[in-house]
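The primary structure of each chain is shown beneath.
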Number of protein chains: 4
Amino acid sequence: MGKWWDEECGIVGVYGHPEAANLAYLCMYALQHRGQESAGIVSSTGSRMFSHRSMGLVQDVFNEDILMKLPGSLAIGHVRYSTAGSSLLKNAQPYAMESSRRGRLAVGHNGNLVNARAIRETLEDSGAIFQSATDTEVIVHLMAQAGSGRLIDKIGFATGQILGAFSAVFMTDKEVAGCRDPWGFRPLVVGKVKNAYILASETCALDLVGAIYEREVQPGEVVIINENGLTSYANMPTRKHARCVFEHIYFARPDSKIFGDSVYAVRKRLGAKLYEEQPAEADVVICVPDSGRVAAIGYAEAAGLPYEEGLIRNHYVGRTFIEPSHAIRNFGVKVKLNAVKSVLEGKRVVVVDDSIVRGTTCQKIVHMLREMGGAKEVHFRISSPPVTHPCYYGIDTPTKEELCYNVMDGNVSGICDFITAESLGYISVPGMLEAVRDGKDLGFCDACFTGNYPVTVIDDLENKQMELFLQEIE
Amino acid sequence: MGKWWDEECGIVGVYGHPEAANLAYLCMYALQHRGQESAGIVSSTGSRMFSHRSMGLVQDVFNEDILMKLPGSLAIGHVRYSTAGSSLLKNAQPYAMESSRRGRLAVGHNGNLVNARAIRETLEDSGAIFQSATDTEVIVHLMAQAGSGRLIDKIGFATGQILGAFSAVFMTDKEVAGCRDPWGFRPLVVGKVKNAYILASETCALDLVGAIYEREVQPGEVVIINENGLTSYANMPTRKHARCVFEHIYFARPDSKIFGDSVYAVRKRLGAKLYEEQPAEADVVICVPDSGRVAAIGYAEAAGLPYEEGLIRNHYVGRTFIEPSHAIRNFGVKVKLNAVKSVLEGKRVVVVDDSIVRGTTCQKIVHMLREMGGAKEVHFRISSPPVTHPCYYGIDTPTKEELCYNVMDGNVSGICDFITAESLGYISVPGMLEAVRDGKDLGFCDACFTGNYPVTVIDDLENKQMELFLQEIE
Amino acid sequence: MGKWWDEECGIVGVYGHPEAANLAYLCMYALQHRGQESAGIVSSTGSRMFSHRSMGLVQDVFNEDILMKLPGSLAIGHVRYSTAGSSLLKNAQPYAMESSRRGRLAVGHNGNLVNARAIRETLEDSGAIFQSATDTEVIVHLMAQAGSGRLIDKIGFATGQILGAFSAVFMTDKEVAGCRDPWGFRPLVVGKVKNAYILASETCALDLVGAIYEREVQPGEVVIINENGLTSYANMPTRKHARCVFEHIYFARPDSKIFGDSVYAVRKRLGAKLYEEQPAEADVVICVPDSGRVAAIGYAEAAGLPYEEGLIRNHYVGRTFIEPSHAIRNFGVKVKLNAVKSVLEGKRVVVVDDSIVRGTTCQKIVHMLREMGGAKEVHFRISSPPVTHPCYYGIDTPTKEELCYNVMDGNVSGICDFITAESLGYISVPGMLEAVRDGKDLGFCDACFTGNYPVTVIDDLENKQMELFLQEIE
Amino acid sequence: MGKWWDEECGIVGVYGHPEAANLAYLCMYALQHRGQESAGIVSSTGSRMFSHRSMGLVQDVFNEDILMKLPGSLAIGHVRYSTAGSSLLKNAQPYAMESSRRGRLAVGHNGNLVNARAIRETLEDSGAIFQSATDTEVIVHLMAQAGSGRLIDKIGFATGQILGAFSAVFMTDKEVAGCRDPWGFRPLVVGKVKNAYILASETCALDLVGAIYEREVQPGEVVIINENGLTSYANMPTRKHARCVFEHIYFARPDSKIFGDSVYAVRKRLGAKLYEEQPAEADVVICVPDSGRVAAIGYAEAAGLPYEEGLIRNHYVGRTFIEPSHAIRNFGVKVKLNAVKSVLEGKRVVVVDDSIVRGTTCQKIVHMLREMGGAKEVHFRISSPPVTHPCYYGIDTPTKEELCYNVMDGNVSGICDFITAESLGYISVPGMLEAVRDGKDLGFCDACFTGNYPVTVIDDLENKQMELFLQEIE
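Here goes a summary of the coordinates provided.

## Quick word on the overall build of chain A
So, step 1. Counting its regular elements, chain A contains 16 helices and 24 strands.
So, step 2. Relative to its 474 residues, chain A shows a buried fraction of 67%.
So, step 3. Considering only contacts within chain A whose residues lie at least 6 apart along the sequence, 70% involve residues at least 24 apart.
So, step 4. Accessible surface computed for chain A: about 15,600 Å², of which carbon and sulfur atoms make up 48%.

See the structure below:
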C-alpha cells in the first residue's frame, strides 16, 4: 500500500545537450514517484548557473517560461521527499553554492548519511554556518574545505568522510558528475541520447527522453563527464555491497531496470515464490492496486488461478482530500478503493500486496472484500517479509514501535486474526532474496527485515528532526 | 484511452441525513470521473438554502470549512464537464433560483437536450432573461412558468416540453427529487443509508457512503422524496428505451452497477466476445491502462493466454504537464505510458483498449511496444465497434470529420497499416449488444456506432457554443 | 473620517475611441474612491461584446492582458461598493444580457431604487427569474419587457417605472447612453477627447484621460451617443431637484467638479462658514487627514490662524491589516494616525473633520492630541451638520440607532463631554446649504440631516439584504 | 517625490513582553515606509526560536495565525527594501543561525557596509559558505568566528571589523541587543512600555505600541537587554559623527523624532530657510503631496502667503497599476496627481517638494499646474540641495550619471528651462545644515550633496549586485 514507505529522492544529471534543463525536467517527471515534495533544477551555460527550486510536483514547479530561464547544456535535477530536514523550501535541492575564489558548485543527493550530524558539529566548531538541515549541505561544506582543486578530488575528499547511503549528482561550470556510495544502497544509471550523457536514478527516466541505457554507476564509483567524455574513478574504500531490496519490492517503477535487473520481472518472481511458500485453496487472485499488481499476476500464474481486478482505485484521490470529520466515520480505504461484487461474490479470494504497514488498512480491505464484495474467504499474501526494523539509509519508515509486526510481537496468526482474514502469509527472507537474485551473486541490504545493518549508525537518527532549532512558518 | 469521450456530469441527491452536504461531497468524489471541470453543492435546512460552486475538482472546491457552511439535511450536488455552455463558473451547477412568492428551487442535470435553444428563444420572446448557456436554466425557467403548484407538477410541466437526455436531481426547501428522461439515456440509482435516501448517477457513490443500493430510477420516472418517504410518478410520455451503451464501455466506473448490471462483468464479456470475433495467434495479452484492463482480462481468459501488464502508466500525469516545446519532439504517449521489456521482448502481443479515437495514439503505442519493449508482433483489439457518428445526448465527441474510422473511410486494414500493427480487430455492433445484454431484453442507444438516433435533434447542436454572445474573461 | 459613509458606485461610458476599454479602465481608476469592492468593463466591437468583472480594486482586477481581450470602440465600466445586494461576484456590474432576437445590452448603475423589490415581485409573478440582488437587474428586466424597439424607448419604459436614485450608463452593440434620475441625486458628466465621448461620475475621470469637460447630464435627461453624435432626450417626469449634498461634503474627490461646482471650493467655503458659526480661541488649526483637510484650510484662513499638519496618516494602512487581538487593546485610530508633538505641544488646537460617525473615534483622536501630542485644549469642528437619518438613495449609512448624534439624543454638549474636547461645533443646515450653493439656486437633498426625504420609500429597505435567500460561499 | 530614494530597512527589537511578536509586528507596521519588499520576525521563548519571513508588506506577510505561531517574550523584526542583495526571499531578514554547540542567534540590520565583500572573500578562503548576498550574513559569520563567548564580545568582534553604516538588532535565546555604527548614520531609539524594552528605527514605532521614548542609542553604542535590564557598552572606535541628513529631509516619518529632533519641525525650518534663500513673488504656496507638504507649510508661513492643496493625490495608486500601453501616452504623474483648478486658476504658484530626482516628473507637474489648473506662473522650490553623488551607506540612489543635476552639468537655470517653470530654487548646503541643526552641534553626512564621504568605500559597490552568481527564479 506504500504511503508510509516514503521514497526519499530522485536525481538526474544531463551533460552535453542544448536543452539540458528540458531533459532534466522530463527525467524528473519520470522519477516523480521517488519524491513529491519539492523539485529543483540547476543549469549551467559554462560560465553562469541558473536555478529554480520550489515545493510541489515537477509539473507544478516548472513551466515553459521557467524552463526557458534555465539555459545551458549542463543541468542537474532533484525530486525530494523529506527524510532528514523538514518540509521547507530551504531544504529543496539541488543545493548550489558559490565562492568568489573557488567557483560554483551544485549538488543533488539521494540517500541518508549516518554521520552527518557528527561532521556538522565539527564543521560548526571551526565557524561554519549551516542554512539547512540537509545532508547535502554537509557534503558541500566538506567539498568547500577541500580547497580549489579538481572536482574529482573534492568529491574524493568529501566521500572519504561520509558514511551511509549516497547516490549523488554534481555540477560545476563545465562538468557533471555522479557517484554511488561503496555499499551501493541507492541506484544510479548512465544513458546516452546522441552525444549527451544522462545520469538518473532509474531507467524509466532514460526511456522518457529516448536515451539508451548504458550501464549502472557501480557501488563506490565516481563518473566525471566533461569535454573529454565520461571518466570513471574508484577512489572510495571497498565495502560489502548492500543494494536496497525495497527498491525492487516497492519503490522503483515496474518498467525500470535497477541494479541490473527488471523490476517487473523481480516482482513476478516474488509473486511466484510467494505462492510456492504460501499457497492457498482459492478461486481467484486479486491485488491491492496498484502496489500489489505485478506480484499478484505472478502468484496467479504460479497457482494456475484466474487473475482479476477485484478492487478498483479512485484515480482522483489527491493530497487535498479531507475526510469530513463526522459524516462516515473510519471509512478509511473506501475513499481510495472499492470492491467489485461481480468478481468476488461467493469466491475464495487471494489478495496480494507488497507489504503491510498498518494492520488496520488490511483489516478494512478484508472487511470491504467480504461485506461489499461478498467474498466467501479472504487469504492475504504479502510479497515481502515482515518489516521489523527502521531504515537509516534514506527511507522514511515507521519507528520500531509503530510497525504492525512488532506491535503483534511477531505473531502472524495474531495479525491474521486482527485483520480477520482466513489466512495470512508473508514471503520468507531467504525466499525473497532467492527471487530477487534469480541465481546472480548480488549483495542486498535486508536490514528492515532482519536488523542486520551494513553500516553502523553514528548520529542519533531517531531524533534527527529535533536538531532543527528554528521553526520556520511558511 | 478516453480523454476525448469526455463525460458530461455526475449528479447526487441526499434527503434526510444530518450531514447531507458531507454525504453529497463524498458521493461527488466517487463520481469525479464523470466531470472534472466544476463542482457544486446546494443544501437546505428546510427554511434556507446554502450554495457553493466553483471550477475544479471536488477535493479542491470543498474543504471542511466550506462544508460546515452548507448545513441542513437536504442537499444536491453536481460535477460537470462542459458539453453545452463553455467553461465558466456561471455555468457551474447545481443551478439555484428564488422567487419571493414561489420559493426556492435548485436543479442539477446530467445529459443534453436537443430542443433547448428552441425553447429558450420562445421564453426570451416573452421577456425572459438568461444568465448561462446551460440546459439546466431552460428547465428552471419552464418550472418557474408552471406557477406555484407542487414540485411534481412543475417537473411534469418542464419534462413535458424538453426532448433529449436528462437525468436530473431537484431540491426545494423540504423535498429532494430525481428523474430520468423517458429514453433512459443516462443512469440514476436510489440507495438508502439508515433512514436517508441517496440519489446518484452510479452505485460507486452509494458504496463510498455505505448506502445500500435499492434500485434504478426507471426511464420516464420521477421520484419525490419528502417527509412521507419516496413516491414514484410516471407522468412522462412512454418512449423506446435507449440506454447509453458507452456508459458500460467507457464512462462508468468498473465497480459500479448501472442499468441493473455490473460494469466490470459487462466489460469482461465484451473482452471474451472480442476474442470470439477477433482471435489472434499470440503469446501474451496486455491492456492500454487503465481503460482497457477489464476487457483485456476477459480476452486473455477466453483465449487461454497469460495476462500481463506490458504498459505502465505514470500516476503523476496531471493537467498542468507541459511538454517542453523543443526537447523531444512528438514523444506523445511516452509521458503517460512506458513499455515493460521483460514482458514484451520477443513476444507476439495482443493489446486491448476500449476504443480508438485518434489513430496516432495507437500508432505510438504500437511503436513503443515494438521499439522499447521488443515485441515481435502487435495485435490491436478494440472492445467497441468503430465510432462513426457524434453524440447529441450528453457526450463530447469529435465531429464526424475528426473520427479516425471516418477519416480512413471505414477501411480497417488501412487503419491497421497506419498504426503499423500486425492486425487490428473491433468487436461488431451485434456482438457488442449481445455481450452487454447477456440475454436480457434491454434497449440501448448505439447511435455513435450506427447513426440510428433515437430522438430527432431540433437545435443546431454543432453550433451550440456559438450562441454565447458575450465572452467572459475569467 | 469616512469609512462608514461608504460610497456606492462609479460609472463610466466611452464611445468612439479605438481603445475604449483602456479609457474606461483609467476613468474607473480615477473613480476608485466611489467603490472598492468590485470592478467590471463590458466592451463592444459593434457586433460582439466582451466582458470582465471581478471582486477587487480596478488595478487588481485588470491588467494589460485582460484589457487586450476587451476590444472595440465602445465600453462601459463600473466600480462598486455594495449597498443592495451582498458582496458577491454575481452582483458585480456592468450587468450584461443577450436575447437571440433582441440583441445585447449592458448596464451600469449608480444609486439606489426605492421600489425595486415591488417591481421585482411583479416580474417574478409573470415567471421572471432573477440571478442577483441588484437594482440593475430590475432595470434590465424592464428594458427586456419593453420589446424590440429603440434604446431610448427601452430606457424610457424602464425609467418611467423606477423611483429613487439612478445615474446609469447603457451600451448596445452600437450605442452608448447615460441618464440621471429626475431628482438628480447622483452626478454624471460628459466630456470629449478628440472625437470620443466620455461619460463619468466625476470630472477627475475626464482629467486623467485628457478629456475636456463639456457639461453635466441634467437631472431627468437621457443622452444617446451613436454614429450621429450625442442626442439629448427628456422623457422622464419633472421632479424637484435633490442633488446629494454629501457628494460635496465627503464622497467626491476635491479635484472634481460635480453639480457644476468645484468640490475643493465648496469645502473651503464650508470651512469658512464653519468658522463663522463656530469660532474658537485657539493657536493652530489642524485636520483629520485626509477627509478634513480642505475644510480645515478654509477654517484657518477665515480665522487667521496658522494651518498645520498635526496628525500624520500611515500610508500603508490596508484592508488586510489585522489588529493582533491581545497586544495593545483598543489602540484604534493609532494604526492610522499619529500626533506630531512639535505642532501640538502646549497649544490650543482646532481640529476639523467632515463628519462624526462614531463618537469613539473622535474621543480617541482627542486623547491622542492631548496625551501624545501635548495639546492644551482641543476644539472639534465638523463641516457638516449632525447626521440624524439614514440614506435610501445609494449611500450605506448606519441605522438611526447607531448614529452618534441620535445616541446622545441630539445633546451636543453631551457629545462634547463624551469625546472629552474643550468644545464641539457643527455647521448648521442653513449654513451648509448657503456655503454649498454660494448664491446659486440649486436643489439639494439634505434628508440625512433633516429627514426630509424627497422620494417616498416603497420597499422595506432596512431589510433589503434579507431577501437574499441563498447564501453563496465564495 | 521619493520613489527613487528607496529607504533600505527598518528594525525592531522587543524584550520582556508576553506578546513580543505582536509588538514587533506593530512597530514594523509603523516603519513600513522604510522598506516594502520583505518583512520578517524571529521570536524566542528563551529555549526555542520561531521565525517567519516573506516577501511583501507587513500586513500581508503576517496575520493572527502566523503571529500566534511566534511565541515568546523576545522578538526582533525587520522590514526591507533591497540595497545589496537582490529581491529574493533568501535575502529577507532577520537572518537566523544555529550551532549545536554555540546556540542560536538572529540579526536584523539597517545600513550598508563598505567592506563586506572584502571580508566575505577572506571568510570564503577559509571554507565558509554563504547563502545570501546580504551584509547581515557577513556580520553573522564574523560573530560565529568569535567563538562561544558573551553576546557583547561577539558583537564587539564583528563590529571591530566592519566599516560603513549599521544600525542593528540582535537576539539570542535570552537577550536582545542593539547597536549603531560609530558614525551614527542610521537612527535607532530605545523606548519602554511597562517593563518591556523596545528598540526601533524611529519613534513612530514606539508611539503605535504606547511605549515611552527613552533615548537614542548613541553612535558607537551597544545596548544589551536581558534579565538585568539594559546595559550600555562603548567598545567601538570613536568616529566623527555622520548622521544621514536625508533621514530628516525625506525618509523618516514627520511624526517621528530621530537624532533627538522632531522631523516635522526640521522640515518646517527647511521650508522657512528655503523661502529666506529662494523667495518668490506669488499668490499661493502648494506642495507636491505628500513629500513636500511640511516644507511647503513652512515656506508659506515664512512668506506670509496662503497655503493650499493645489495637487490631489489618488490614494489608490498601488504597485500593480499598469499603464495601458497605448491609450494615453506619457500621462505620467496624472495617474498619481491631479490639479485643482479652483486653487490655481490665474494664480502665481509656488510649488514645494523635498527633492528633484528626474526632471521629467517636475516638467509634467509644471505642465499639469498650467494646463489643467490654469496657473499663471509656476515657481518650483526644493527643500534640499541638488543631489550630486551616490550614497554608499544604505540608500538606493541613482548613479552619478542619472542624477538630474549632473545631467544638466549643475546648470540650475537650464533645469528650470527644462521643467518649464518661471523659476527654480534649491536650498543651499549651509542653509540646509543650519536649518537641520537649529543651533545644535550635531555631525551630519552630506555626501550625496557634496561628495564628502565620511568612510572610504573598500568594495566596488557599483558592481555589488554582480557578485550574485546564481540566478534564482522565484
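Back to the text.
## Structural notes on the interface of chain C and chain D
Many authors give the size of an interface as the accessible area that is lost as the parts come together.
So, step 1. Taken together, the contacts link 61 residues of chain C with 61 residues of chain D.
So, step 2. Counting each side, the surface lost to burial between chain C and chain D is near 5,100 Å², with a carbon and sulfur contribution of 59%.
So, step 3. In terms of surface lost to chain D, no three residues of chain C exceed C:Tyr29, C:Tyr264 and C:Tyr316, which account for 13% of the buried area on that side.
So, step 4. Put simply, chain C and chain D have four salt bridges between them.
So, step 5. Of the charged contacts, one joins C:Lys268 and D:Glu308 as a salt bridge, the two residues approaching to 2.3 Å between their closest N and O atoms.
So, step 6. One can count 17 residue pairs in polar contact (both at pLDDT 80 or more) joining chain C with chain D.

## Comments concerning the sheet that holds strand 22 (residues 423-426) of chain A
Residue and element names in this part refer to chain A.
So, step 1. The sheet built from four strands is open, its strands ordered 17-20-21-22 with parallel pairing. Where the open sheet ends on each side, the last strands, each with one partner, are strand 17 (284-287) and strand 22. In this sheet, adjacent strand axes meet at a mean angle of 20° when their direction is disregarded.
So, step 2. As defined by bridge partners, strand 21 (residues 377-382) adjoins strand 22 across four bridges and the pair is classed as parallel. When the bridges of strand 22 are listed, His379 appears paired with Ser423.
So, step 3. Running over the sheet, helix 10 (residues 293-303) touches strand 17, strand 20 (348-353) and strand 21 and is turned about 165° from strand 17.

## Here we look at the pairing of strand 20 (residues 348-353) of chain B
All names here are of chain B.
So, step 1. Buried residues dominate strand 20, accounting for five of its six residues.
So, step 2. Note: strand 20 against strand 21 (residues 377-382), six bridges, orientation parallel. Of the residues in strand 21, the one forming a bridge with Asp353 is Ile382.
So, step 3. On the question of chirality, the crossover connecting strand 20 to the parallel strand 21 by way of helix 12 (residues 359-371) is right-handed.

## A look at helix 4 (residues 116-125) of chain C
So, step 1. Among the residues making up helix 4 of chain C, those that are buried are C:Ala116, C:Ile119, C:Arg120, C:Glu121, C:Leu123 and C:Glu124.
So, step 2. Of the surrounding secondary structure, the elements contacted by the buried residues of helix 4 of chain C are strand 5 (95-99) of chain B together with helix 5 (135-145) of chain C.
So, step 3. Trailing helix 4 of chain C by a residue or two, C:Gly127 shows a phi angle of about 100°, which is positive.

## Looking at the interface of chain B and chain A
So, step 1. Across the boundary between the two partners, chain B contributes 60 residues, which contact 60 residues of chain A.
So, step 2. Interface area, chain B with chain A, both sides summed: about 5,100 Å², of which 59% is carbon and sulfur.
So, step 3. For the chain B face of the interface with chain A, the top three residues by lost area are B:Tyr29, B:Tyr264 and B:Tyr316, together amounting to 13%.
So, step 4. One salt bridge in this structure joins A:Arg293 and B:Glu309, with 3.8 Å as the shortest N-O distance.

## Brief notes about the relation of the copies chain C and chain D
So, step 1. Expressed as a screw operation, the relation of chain C to chain D combines 0.0 Å of axial shift with a rotation of 180°, fitting to an RMSD of 0.1 Å. The two molecules are tied by a two-fold rotation axis, judged by turn and shift.
So, step 2. The fraction of interface residues of chain C whose copies in chain D are also interface residues reaches 100%, indicating that both copies meet through the same surface.

## Some details on the environment of C:Gly56
Residues and elements named next belong to chain C.
So, step 1. With respect to the helices and strands, the residue Gly56 is situated in the loop between strand 3 (49-55) and helix 2 (58-61).
So, step 2. Taking C-alpha positions, Gly56 is 9.6 Å from Gly35, a pair spaced 21 residues apart along the chain.
So, step 3. The contact partners of Gly56, leaving out residues within four places of it in the chain, are Gln36, Glu37, Ser38, Ala39 and Val61.

## Concerning the relation of the copies chain B and chain A
So, step 1. When chain B is brought onto chain A, the operation consists of a screw motion whose angular component is 180° and whose axial shift is 0.0 Å, with 0.1 Å RMSD remaining.
So, step 2. Mapped onto chain A, 100% of the interface residues of chain B are again interface residues, and the two copies thus contact each other with one and the same surface.

## As for the packing of aromatic side chains
So, step 1. On inspection of all chains with the given rule, the structure shows 46 aromatic pairs over all chains.
So, step 2. Consider the rings of C:Phe246 and C:Phe449, whose centres lie 5.7 Å apart with planes at 40°: the pair is tilted. Highlighted residues: C:Phe246 in helix 8 (residues 245-251) and C:Phe449 in helix 16 (residues 447-450), separated in sequence by 203 residues. Across the pair, C:Phe449 and C:Phe246 agree in class, each one buried.
So, step 3. Joined through ring pairs, the aromatic side chains of A:Trp183, A:Phe185, A:Tyr392, A:Tyr393 and A:Tyr453 make up one cluster.

## Here we look at the environment of C:Ala302
Residue and element names in this part refer to chain C.
So, step 1. Its place among the elements puts Ala302 in helix 10 (residues 293-303).
So, step 2. Taking relative accessible area as the criterion, Ala302 reaches 38% and is therefore assigned partly exposed.
So, step 3. The spatial distance from the C-alpha of Ala302 to the C-alpha of Val340 is 24 Å, given a sequence separation of 38 residues.
So, step 4. Discounting chain neighbours no more than four positions away, the residues touching Ala302 are Ala272 and Tyr275.

## Considerations on unusual backbone geometry
So, step 1. Of note, the amide linkage connecting B:Pro289 to B:Asp290 takes the cis form, showing an omega dihedral of -10°.
So, step 2. Along the chain, B:Asp290 turns up in the loop between strand 17 (284-287) and helix 10 (293-303).
So, step 3. Even without being glycine, D:Asp409 reaches a positive phi, approximately 55°.
So, step 4. Take D:Asp409: it is sitting in the loop between helix 13 (404-407) and helix 14 (412-419).
So, step 5. Judged by its relative accessible area of 71%, D:Asp409 is exposed.

## Description of the sheet that holds strand 6 (residues 103-110) of chain B
Residues and elements named next belong to chain B.
So, step 1. On the basis of which strands lie adjacent, the open sheet formed by six strands has the order 5-6-7-8-12-13 and antiparallel pairing. Sheet topology places strand 5 and strand 13 (229-233) at the edges, where each strand pairs with a single neighbour. Looking at each pair of strands side by side, their axes are set apart by 15° on average, direction ignored.
So, step 2. In terms of strand pairing, strand 8 (residues 176-180) meets strand 12 (residues 222-226) through four bridges, oriented antiparallel. Following the sheet pairing, Ala177 is matched in strand 12 by Ile224.
So, step 3. Across the face of the sheet, helix 5 (residues 135-145) comes into contact with strand 5, strand 6 and strand 7 (167-171) while running at roughly 145° to strand 6.

## Observations regarding the packing of helix 9 (residues 263-277) of chain C against helix 15 (residues 429-437) of chain C
All names here are of chain C.
So, step 1. Contact pair helix 9 / helix 15: the axes reach a minimum separation of 8 Å and the direction vectors enclose 145°. Seen along the crossing, helix 9 lies across helix 15 with a hand that is right-handed. Residues Val266, Arg269, Leu270, Lys273 and Glu277 of helix 9 touch helix 15, and the partners they reach there are Gly431, Met432, Glu434, Ala435 and Val436.
So, step 2. Its residues assigned to classes, the contact of helix 9 with helix 15 comprises five nonpolar, one polar and four charged.

## Some words on the pattern of salt bridges
So, step 1. Evaluation of the coordinates by the stated rule reveals 96 salt bridges over all chains.
So, step 2. As a salt-bridge pair, B:Glu301 and B:Lys268 come within 2.7 Å of each other at their nearest N and O atoms. Here B:Lys268 lies in helix 9 (residues 263-277) and B:Glu301 lies in helix 10, a separation of 33 residues in the sequence.
So, step 3. When the shortest N-O distance is used, the salt bridge between C:Lys440 and C:Asp261 registers 2.8 Å. Taken as a pair, C:Lys440 in the loop between helix 15 and strand 23 (444-445) and C:Asp261 in strand 16 (residues 261-262) lie far apart in primary sequence, 179 residues in all.

Conventions we followed
- Residues numbered from 1 in each chain as written.
- Chains lettered and ligands numbered in written order.
- Predicted model: local features only at pLDDT ≥ 70, side-chain atom pairs only at ≥ 80, totals over all residues.
- Heavy atoms only, no water.
- Helix = DSSP H or I, 4+ residues; strand = E, 2+ residues; numbered from the N terminus.
- Buried < 20%, exposed > 50% of the residue type's maximum accessible area, 1.4 Å probe, protein only.
- Contact = heavy atoms within 4.5 Å.
- Areas by Shrake-Rupley, 256 points an atom, 1.4 Å probe, with all protein chains shown as cover.
- Buried area = accessible area lost by both parts, 1.4 Å probe.
- Salt bridge = Lys/Arg side-chain N within 4 Å of Asp/Glu carboxyl O.
- Polar contact = N/O pair within 3.5 Å; in protein donor to acceptor, adjacent residues only side chain to side chain.
- Pairing = 2+ DSSP bridges.
- Axes fitted to C-alpha atoms, helices over the stretch in contact; angles between N-to-C directions.
- Right-handed = clockwise from strand over helix to strand, strands pointing away.
- Least-squares fit on C-alpha atoms with pLDDT ≥ 70 in both.
- Phe/Tyr/Trp six-rings, centres within 6.5 Å; stacked < 30°, edge-to-face > 60°.
- Left-handed = near helix turned anticlockwise from the far one by under 90°.
- Nonpolar A, V, L, I, M, F, W, Y, C, P; charged D, E, K, R; others polar.

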